[in-house]
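These are the residues of each chain, in order.
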Amino acid sequence: MRKTKVPFKNIFNLLREKGSSFWSRKAQERSLFLFKEVAERVPAYRDFLKKNKIKPIQIKTYNDFQKVPPVTKKNYLRQYPLKDLCWDGSLKDSLVFTATSGSTGEPFYFPRNIALEYESSIYHEMFLRNDPNGRNKSTLVVVSFGMGVWIGGTITFRAFQQIAERGYPVSIITPGINKKEIFEGLKRLGGKFDQVILCGYPPFIKDIIDEAEDFGVHWNKLNLKLILAAEPFSEEFRSYLIKKTGIKNPFLDTMNIYGSADIGTMAEETPVSIMIRNILYKNKDLYESTFPVVSRMPTLVQFNPLFVNFESLNGKIICTGDSALPLIRYDIGDQGGIYTYDQMNEVFKQNNRDLEKDIRFHKLGHTITKLPFVYVYERSDLSTKLYGAIIFPEHIRESLQERRLSKYFTGKFTLITKFDSNHNQFLEVNIELKSKAKPTKVLKNLTQSIILKNLLKRSAEYKNNYNVIPEKVTPRVIFWPHEDSLYFKPGIKQSWIKK
C-alpha cells in the first residue's frame, strides 16, 4: 500500500514568492517524477506503455515525456480492472469514490485519497487569504453542490473542514441541492457570521439568488461570497450575480473552480485571472491575441504544478496528477491552452497594455501568484450541429443573460437538433421560465430574435448558412414551466445538449 505524501511545507510562501520560471520548472520536474513512479508501480500503466512500445528508461527529459501517448477513458481507464489502475495494483487504502456525470457515456467511479482533499483545501484557503482580513472573519460555508456520488459537495466539505482545522473560524452547513434547507440555513444562520460563502453549480446558485427574497432571505443583510464550479460562465453572468446580491468586489468575492471527479480541484480563478478575463471581455484586439477561438470566452484559471500539471496538445487539455488512481498525460475531454505568467504578461505588452499596472490599479498586488494559467473551453462533445455549423451552449447562454430576457428566465435551457416531417434539420431551444414568468408570444419573438442575433455574431459557419437558408436555421423557441420534469428536473447538472 502506498503511503500518502506529506503536504508541501510553506506552500503559501512559495505561492507568493516564486516567479514564473520556478513554476515552469516544477511542472516539468513533477510530471517526469510522477511518470517514472507510475510506470514502475501501477500495473495498468506498465501494460499501457508496453502495448504502445514506450520504454520508461528512455523518457529522460520533458521533451521525451511529451512524446508519451495520452491516456483516455476509452484507451486506458475502461481497459483495465480498477485495482490495476491504482498504486501497486491494490485497493487497500482509505478511499472515497466519486463518479463522473456520465455525460459522455456510463459513469466511471474514481477513487481519491486525502491528498486530493488537501490540495483542494489549499485552493480554497487561497480564496480566503485574498481578503486581507479573511483569516479572522467568522465564516459560514454553505455547500450547495450535490452531496451524493459527485465530487463537488464532498470535496468542498472536506476542504473547508481541513481549513477550519488549521485555525480558521470556519463553520459549514451541507444542505446540498435542497433549496428549502439552503434558504432556512441562510435565513437563520447567515446573519450571525461576518461573511457567508455560498458554494454550488452556477445555474443552481443563480436559482438560489433569484428566489431568495421569496423565502425571506435578503442579500443586502449578508456579506456574501461565491464559489462556483463544474461549468464555464460569462462575465455578464458574474455581473448579474454581483448586481443581484450586492457583492462588493468581483475579483476578491467570486471564484470559479476548474475541477473534476477524475483528479479533484485542478485549478481556480484568482483575482488576477478574473481581472484579465474582464479586461479581455472589453478589449477585442487583446482578446483575439490571447484566445484563438474568438467566438467563445473560455474559463481562465491558474494551477499549481505541485499538484496537477497541464499541457495543450492540438487544442486539447492534457493533465498529469497524483491520486489513488494517478493519471499521466490524461485527455480529460476539454479544449483550451496554457500560458505561463510571463507569457501572459508578454501578450499584454505586445498589445500595448501593462498587466502589472492593471493589477496595481485594481489593488490586487497582495493576491498575485505567478502560477501558470490554463484556459478552458466547454467540452468538445457538448455541442450540437445545425447544417454543419457547430452550436455551443454558450452561444445561447449569452443571449438569455441579455437584460431584456434575464428577468423572465432562470438561464437553463436544452438544445436539440431535430428533423421535421420532410427530414429537414432544425434547432429547438427549450427554455425554463422563472416561476412567475408568463410565456407570451411577444416574449417568444424577442427571445428568438436575440438568440438569432447572437448566433450570427458568434458563429461564422452559422452566419454563412443563414445567408443562404434563413428559414431553415432560425432557431425554434419553446418555453417550459419552472422546474418542469422533462428538461428541468431539479438536480445538480443541467443537460444543455440533448442528442
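A. Summary view of the pattern of salt bridges. What the rule picks out here adds up to 32 salt bridges. Notably, a salt bridge pairs D84 with K83, separated by 3.3 Å at the nearest N-O pair. Looking at D84, the relative accessible area reads 18%, which means it is buried. We note a salt bridge from K316 to D331, for which the minimum N-O separation is 3.4 Å. With K316 in strand β11 (residues 316–321) and D331 in strand β12 (residues 327–339), this residue pair connects regions lying 15 residues apart in the sequence. Take K316: its relative accessible area is 41%, and that puts it in the partly exposed class. Looking at D331, the relative accessible area reads 15%, which means it is buried. Taken together, the salt bridges that share partners define one network made up of K179, D207, E211, K412 and E483.

B. Just the environment of V170, in detail. Along the chain, V170 falls in strand β4 (residues 170–173). For V170, a relative accessible area of 10% corresponds to the buried category. Expressed as a C-alpha distance, the spacing of V170 and P271, which sit 101 residues apart in the sequence, is 21 Å. Excluding anything up to four places from it in sequence, V170 contacts L128, T139, V141, F160, I163 and A164.

C. Here's a closer look at the state of the cysteines. All told, the structure shown has 0 disulfides when counted by the stated rule. C319 takes part in no disulfide bond, and the closest cysteine sulfur, belonging to C86, lies 16 Å away. Overall, C319 belongs to the buried group, its relative accessible area being 1%.

D. Quick peek at the sheet that holds strand β16 (residues 409–419). Here we have 3 strands laid out as an open sheet, ordered β16-β17-β18, and mixed in their pairing. The strands lining the two open edges of the sheet, one partner per strand, are β16 and β18 (476–480). Neighbouring strand axes in the sheet, compared pairwise and without regard to direction, differ in orientation by 25° on average. Sheet topology places strand β17 (residues 425–433) next to β18; 5 bridges connect them, and they run parallel. If you follow V429 over to β18, its bridge partner there is V477. Contacting β16 and β17, helix α15 (residues 393–400) runs over the sheet at an angle of about 140° to β16. Strand contacts of helix α17 (residues 441–458): β16, β17 and β18, with the helix running at about 130° to β18, the strand carrying the most contacts.

Criteria and cut-off values
- Residues numbered from 1 in each chain as written.
- Predicted model: local features only at pLDDT ≥ 70, side-chain atom pairs only at ≥ 80, totals over all residues.
- Heavy atoms only, no water.
- Salt bridge = Lys/Arg side-chain N within 4 Å of Asp/Glu carboxyl O.
- Buried < 20%, exposed > 50% of the residue type's maximum accessible area, 1.4 Å probe, protein only.
- Helix = DSSP H or I, 4+ residues; strand = E, 2+ residues; numbered from the N terminus.
- Contact = heavy atoms within 4.5 Å.
- Disulfide = S-S within 2.5 Å.
- Pairing = 2+ DSSP bridges.
- Axes fitted to C-alpha atoms, helices over the stretch in contact; angles between N-to-C directions.

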